[in-house]
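Fold and contact review
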Amino acid sequence: MDYHPRPARGLITRNAVGPTSAESFVLIAIATILLTRLYLRLTGYPQIGGGNLHIAHALWGGALMMLALVIGWMVLGFGARIVCVVLGGVGFGLFLDEVGKFVTKDNDYFYGPAAEIMYILVVLILLGARVIRGLRPLTARECLASAASIAADGVARGLADHRREIALALVEKAQSQGADADTAGQLRDLLVGAGRAPDRLYRLQRWLPRLIPDVFRSPNWVPWVGWLLIAGAGVALVFEMLRIVIGRYFPDFYGEHVVAFRLAGTSPPAVILLASAVLTLLMAVPAMAGLNRTERVWPLRWLRNAALTFTFLNALVDFATEGFGALVNLSMGLFTLAILSYQLDRAVVRQALGAPAGDQP
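Residues numbered from 1 in each chain as written. Predicted model: local features only at pLDDT ≥ 70, side-chain atom pairs only at ≥ 80, totals over all residues. Heavy atoms only, no water.

**Let's talk about the side chain of Lys101**
Note on placement: Lys101 falls in helix α4 (residues 99-102). The buried category is assigned to Lys101, whose relative accessible area is 18%. Excluding anything up to four places from it in sequence, Lys101 contacts His54, Ala56, Asn107, Asp108 and Tyr109. (Helix = DSSP H or I, 4+ residues; strand = E, 2+ residues; numbered from the N terminus. Buried < 20%, exposed > 50% of the residue type's maximum accessible area, 1.4 Å probe, protein only. Contact = heavy atoms within 4.5 Å.)

**Looking at the environment of Ala289**
On the secondary structure map, Ala289 appears in helix α11 (residues 268-290). Overall, the relative accessible area of 38% leaves Ala289 in the partly exposed class. Ala289 sits 10 residues away from Pro299 along the chain, and the two C-alpha atoms are 8.2 Å apart.

**Considering unusual backbone geometry**
The phi angle at Tyr45 is positive, at roughly 55 degrees, despite the residue not being glycine. By the secondary structure assignment, Tyr45 is in the loop between α1 (18-43) and α2 (57-74). Its relative accessible area of 33% is what places Tyr45 among the partly exposed residues. Even without a glycine there, the phi angle at Asn107 is positive, about 50 degrees. The topology assignment puts Asn107 in the loop between α4 and α5 (114-134).

**Some points on the packing of helix α6 (residues 140-157) against helix α8 (residues 181-193)**
α8 packs onto α6 with a crossing angle of 30 degrees between their chain directions and a minimal axis gap of 9 Å. By the angle between their axes, α6 is roughly parallel relative to α8. Here the hand of the crossing between α6 and α8 comes out left-handed. In contact with Leu144, Ala147, Ala148, Ile150, Ala151 and Val155 of α6, α8 contributes Thr183, Ala184, Leu187, Leu190 and Leu191. In terms of residue class, the contact of α6 with α8 is built from 10 nonpolar, one polar and no charged. (Axes fitted to C-alpha atoms, helices over the stretch in contact; angles between N-to-C directions. Parallel < 35°, antiparallel > 145°, perpendicular 65-115°, else oblique. Left-handed = near helix turned anticlockwise from the far one by under 90°. Nonpolar A, V, L, I, M, F, W, Y, C, P; charged D, E, K, R; others polar.)

**Brief notes about a nonpolar patch on the surface**
Among the surface-exposed residues, Met66, Leu69, Val70, Trp73, Met74 and Val75 lie close enough to one another that they form a single nonpolar patch of about 670 Å² accessible area. Mapped onto the elements of the fold, Met66 is located in helix α2. The class for Met66 is exposed, based on a relative accessible area of 52%. (Patch = residues over 30% accessible without salt bridge, like charges linked within 9 Å, V, L, I, M, F, W, Y side chains within 5 Å. Areas by Shrake-Rupley, 256 points an atom, 1.4 Å probe, with all protein chains shown as cover. Salt bridge = Lys/Arg side-chain N within 4 Å of Asp/Glu carboxyl O.)

**Here we look at α5**
Spanning 21 residues, α5 covers 30 Å between terminal C-alpha atoms, matching the ideal 30 Å at 1.5 Å per step. Every buried residue of α5 is accounted for by Ala114, Ala115, Glu116, Met118, Tyr119, Val122, Val123 and Ala129. Residues of α5 that are buried sit in contact with α1, α3 (78-97), α4 and α12 (298-322). (Expected span 1.5 Å × (residues − 1).)

**Focus: the side chain of Thr336**
Among the structural elements, Thr336 can be located in helix α13 (residues 327-353). According to the relative accessible area criterion, Thr336 is buried, its value standing at 17%. Beyond its immediate stretch of four places on either side in the chain, Thr336 contacts Val225 and Ala307.

**Topic: the UniProt feature "transmembrane region" (unreviewed entry) in the protein chain**
Following the UniProt record, the feature "transmembrane region" (unreviewed entry) maps to residues 20-40, 61-90, 110-132, 224-250 and 270-290 here. The span residues 61-90 shows a helical share of 90% and a strand share of 0%, and its end C-alpha atoms are spaced 7 Å apart. (UniProt positions renumbered as here; feature names shortened; annotations may be inferred.)

**Quick notes on the environment of Tyr342**
Along the chain, Tyr342 falls in helix α13. Put simply, Tyr342 and Arg217 are 125 residues apart on the chain and 7.6 Å apart in space, counted from C-alpha to C-alpha.

**Describing the nonpolar core**
In terms of nonpolar packing, the biggest core is built from 20 residues, with Val222, Leu229, Ala284, Leu300, Leu303 and Leu340 touching the most fellow members. Looking at this core, the elements with two or more residues in it are α10 (221-245), α11, α12 and α13. Residues within four places of Leu340 in sequence aside, it is in contact with Val222, Val225, Leu303, Arg304 and Ala307. (Core = buried A, V, L, I, M, F, W, Y, C linked by side-chain atoms within 4.5 Å.)

Right, here's the structure in full:
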């Protein structure tokens, strides 16, 4: 009897398109939190119930998350998965919005650090999705399994053209990594033979970016946001160094009744902001130096990483000290990230096509 050793499968089998669903889930949850807070603020914080009863919206959130799980267990197809992501995201947002009640003895919805708790949880989910996706390249087994999952959707409800293309590309990648040719061929036949499904959601995703004004697509934004990023990090570095080194003994040069500097000294927020400034400068300065000296994409990639570091580490402190007021600074950081990510994507496409730097992808 021949012995065939069991191939190593790893701890988990990753879904090639899973991180996109996780990120969509988080974005829907964030939107739900913001819309819920806005609605409650505008309506004077109404309560559902009467007498001694108060039906918190966290309960509705739990019900929606339960419904998402049940649909995911019971229904096949890509459309059902979208419904699960939407219901789960809305439910998680409603649940997370009331986190202040769960961590305080007096059920304080307005508990200050609640915003930071929400922010940390959201960032952890996003980072977790990124880490799982980027931990290592997809194996042949994972490519085949992901393609098979898409093929199952095709058997159940048909396939949109772009999902068929993704699955076929995964099959080709698996074969290039040594996957069994018969298995790959059978999967390819399933994918090609699956019926055609509407592609409305994908077309909507492709159409929405066209609403962005052309002025925000200009590469001239890159040096502006780059130098502003360096300036902001430089100011933060100087201020945080003064706060840590000099602390409460910072001299009052202008007299007590004119200007008084009160620096709290070493503290966790000061250390985080100092680390944010240092890391940002270490990435942004070389990136700006190389921006006009090379056709490669590493300056844009480093600049985006610098903006990512500066935005999210600073937001960690801002949410702790300002609550939801930190959304203003976070929005500015996300705008910078959007500008740099768009230009980086264009540069990657140009490099892949071998086009000159000034050409459109």
